Amino acid sequence: MQAQNQNFLNKNAGLHRFAVFTACSTLILIIAGALVTGNEAGLAVPDWPLSYGSLNPPMIGGIFYEHGHRMIASFVGLMTLILGVWLWKREPRKAVRRLGIAAVGAVVAQGILGGITVLFFLPAPISILHACLAQAFFCMVASIAWVTSDHWRRGPSAVIEGQKGVSLRRLCLLTTVSVYLQLILGAALRHSKSGLLLHVAGALLVTFFILWIVARTHKYYQHSPSLFYPAVLLGVLLVSQLSLGIGSYIVRLMTREDVQPALFMVGITTAHVAAGALVLVTSLILTLQVYKAAPPIVDALPLSPAPQRVTSRI
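1. Here's the deal with the overall build of the chain
Here's step 1: A count of helices and strands for the chain gives 10 helices and 0 strands.
Here's step 2: Secondary structure elements of the chain occur, N-terminal to C-terminal, as α-α-α-α-α-α-α-α-α-α.
Here's step 3: Relative to its full complement of 314 residues, the chain shows a buried share of 46%.
Here's step 4: Contacts spanning at least 24 positions in sequence make up 77% of the contacts within the chain whose residues lie at least 6 apart.
Here's step 5: For the chain, the accessible area works out to roughly 16,300 Å², and carbon and sulfur atoms hold 71% of it.

2. Some points on the side chain of threonine 175
Here's step 1: On the secondary structure map, threonine 175 appears in helix α7 (residues 168-192).
Here's step 2: Owing to a relative accessible area of 0%, threonine 175 belongs among the buried residues under this scheme.
Here's step 3: If we skip the residues at most four places from it in the chain, threonine 175 touches Phe209, Ile210, Ile213 and Ser283.

3. Overview of the packing of aromatic side chains
Here's step 1: Counted according to the given criterion, the structure contains 7 aromatic pairs.
Here's step 2: When the centroid spacing of 6.0 Å and the interplanar angle of 90° are considered together, the rings of phenylalanine 21 and phenylalanine 75 count as edge-to-face. Here phenylalanine 21, found in helix α2 (residues 13-38), pairs with phenylalanine 75, found in helix α3 (residues 62-90); they are 54 residues apart in sequence, far enough to count as distant.
Here's step 3: The class for phenylalanine 21 is partly exposed, based on a relative accessible area of 41%.
Here's step 4: A relative accessible area of 36% means that phenylalanine 75 is categorised as partly exposed.

4. Some details on the pattern of salt bridges
Here's step 1: Applying the stated criterion across every chain yields a total of 3 salt bridges.
Here's step 2: For arginine 70, the salt bridge is made with glutamate 66, and the minimal N-O distance between the two is 3.0 Å. Of this pair, arginine 70 and glutamate 66 both sit in helix α3, 4 residues apart, roughly one helical turn.
Here's step 3: Relative accessible area serves as the criterion here: at 6%, glutamate 66 is assigned to the buried category.
Here's step 4: One salt bridge connects glutamate 91 with arginine 153, and the closest N-O pair in it is separated by 3.3 Å. Separated by 62 residues along the polypeptide, glutamate 91 in the loop between α3 and α4 (94-119) and arginine 153 in helix α6 (residues 150-154) bring together distant segments of the chain.
Here's step 5: Among the residues examined, glutamate 91 registers a relative accessible area of 3% and is labelled buried.

5. Looking at the environment of threonine 176
Here's step 1: As for its position among the elements, threonine 176 is in helix α7.
Here's step 2: Judged by its relative accessible area of 11%, threonine 176 falls in the buried class.
Here's step 3: As for threonine 176 and isoleucine 210, which are separated by 34 residues in sequence, their C-alpha atoms are 9.4 Å apart.
Here's step 4: At 2.7 Å, the side chain of threonine 176 forms a polar contact with the side chain of serine 283.
Here's step 5: A polar side-chain atom of threonine 176 sits 2.9 Å from a polar atom in the side chain of threonine 287.

6. Examining the nonpolar core
Here's step 1: Leu83, Phe137, Phe138, Ile213 and Leu286 are the most contacted members of the largest nonpolar core, which totals 53 residues.
Here's step 2: Within the residue set of this core, elements represented by two or more residues are α2, α3, α4, α5 (124-147), α7, α8 (196-220), α9 (225-254) and α10 (263-293).
Here's step 3: The dominant element in this core, judged by the number of residues it contributes, is α5, at 10 residues.
Here's step 4: Excluding residues within four positions of it along the chain, isoleucine 213 makes contact with Leu171, Cys172, Thr175, Ala231, Leu234 and Leu286.

7. Digging into a nonpolar patch on the surface
Here's step 1: A surface patch of nonpolar side chains, amounting to about 780 Å² of accessible area, comprises Leu196, Val200, Leu204, Ile246, Tyr249, Ile250, Leu253 and Met254.
Here's step 2: Every element with two or more residues in the nonpolar patch is listed here: α8 and α9.
Here's step 3: Here valine 200 lies in helix α8.

Here is what the cut-offs are and how they apply
- Residues numbered from 1 in each chain as written.
- Predicted model: local features only at pLDDT ≥ 70, side-chain atom pairs only at ≥ 80, totals over all residues.
- Heavy atoms only, no water.
- Helix = DSSP H or I, 4+ residues; strand = E, 2+ residues; numbered from the N terminus.
- Buried < 20%, exposed > 50% of the residue type's maximum accessible area, 1.4 Å probe, protein only.
- Contact = heavy atoms within 4.5 Å.
- Areas by Shrake-Rupley, 256 points an atom, 1.4 Å probe, with all protein chains shown as cover.
- Phe/Tyr/Trp six-rings, centres within 6.5 Å; stacked < 30°, edge-to-face > 60°.
- Salt bridge = Lys/Arg side-chain N within 4 Å of Asp/Glu carboxyl O.
- Polar contact = N/O pair within 3.5 Å; in protein donor to acceptor, adjacent residues only side chain to side chain.
- Core = buried A, V, L, I, M, F, W, Y, C linked by side-chain atoms within 4.5 Å.
- Patch = residues over 30% accessible without salt bridge, like charges linked within 9 Å, V, L, I, M, F, W, Y side chains within 5 Å.

So this is what it looks like as structure tokens:
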């Protein structure tokens, strides 16, 4: 059985690497989209799907950001299509194959939404939906990359707790959902210039959940690297994201009289968007790890005054 698993892992190593490449390309695409918004270049190219009726317009001014974003998006779309077909042909797990098809559908919908934002002169609801779907698509391809990895198939060493209160599974799920909702609020703030107080409130909620996760994993799961290390990374990303958020707000206040977006402001707001995407995906990966290491039956275990550690291969 072990030999069969190893043979399967060897055959699918290329698929995993391709999925990782697609996920990294998607992060670059999100950064490119943030640069378009930050430089106010969304209407630098007024037509779609071509750019000034050409596939190769002059890459000057805002055209560089908008057309560059379209080129990267087309590349990611092609990679996603290849990934979906590859999964359908080689992946035995039905859920993973369906996730690949969903990713293809999401990238097609994302391209259509991008075209609508241009043709209808950047309507805020469509622009916000476009930004939110980008984050959801990133989660899809990152999840595919993770569940096709050698580490995922071998399974983590489970450390199971038997305590009162919110389980780590529910806590991680709540955190992932709250991070995604916070990104929606951030997209609304960027595209409609409203909702700052809601965004700040969302940041406080996300901070509370992530600190709770870090404290829980530090106390009970230090000997489970598959849970502890992602939680530590999540904490580090949180600090970076909060710092970038505060910095972007200060810089925006300092440059609010500028006719053109300042280079530093574009840089810090773009980094803020990218860090937010990494926080979301890290939280999702940790959630997947927790659900794999601690299946729902754990909740039925008798409560004990101290955590019960069970080390096993799931």
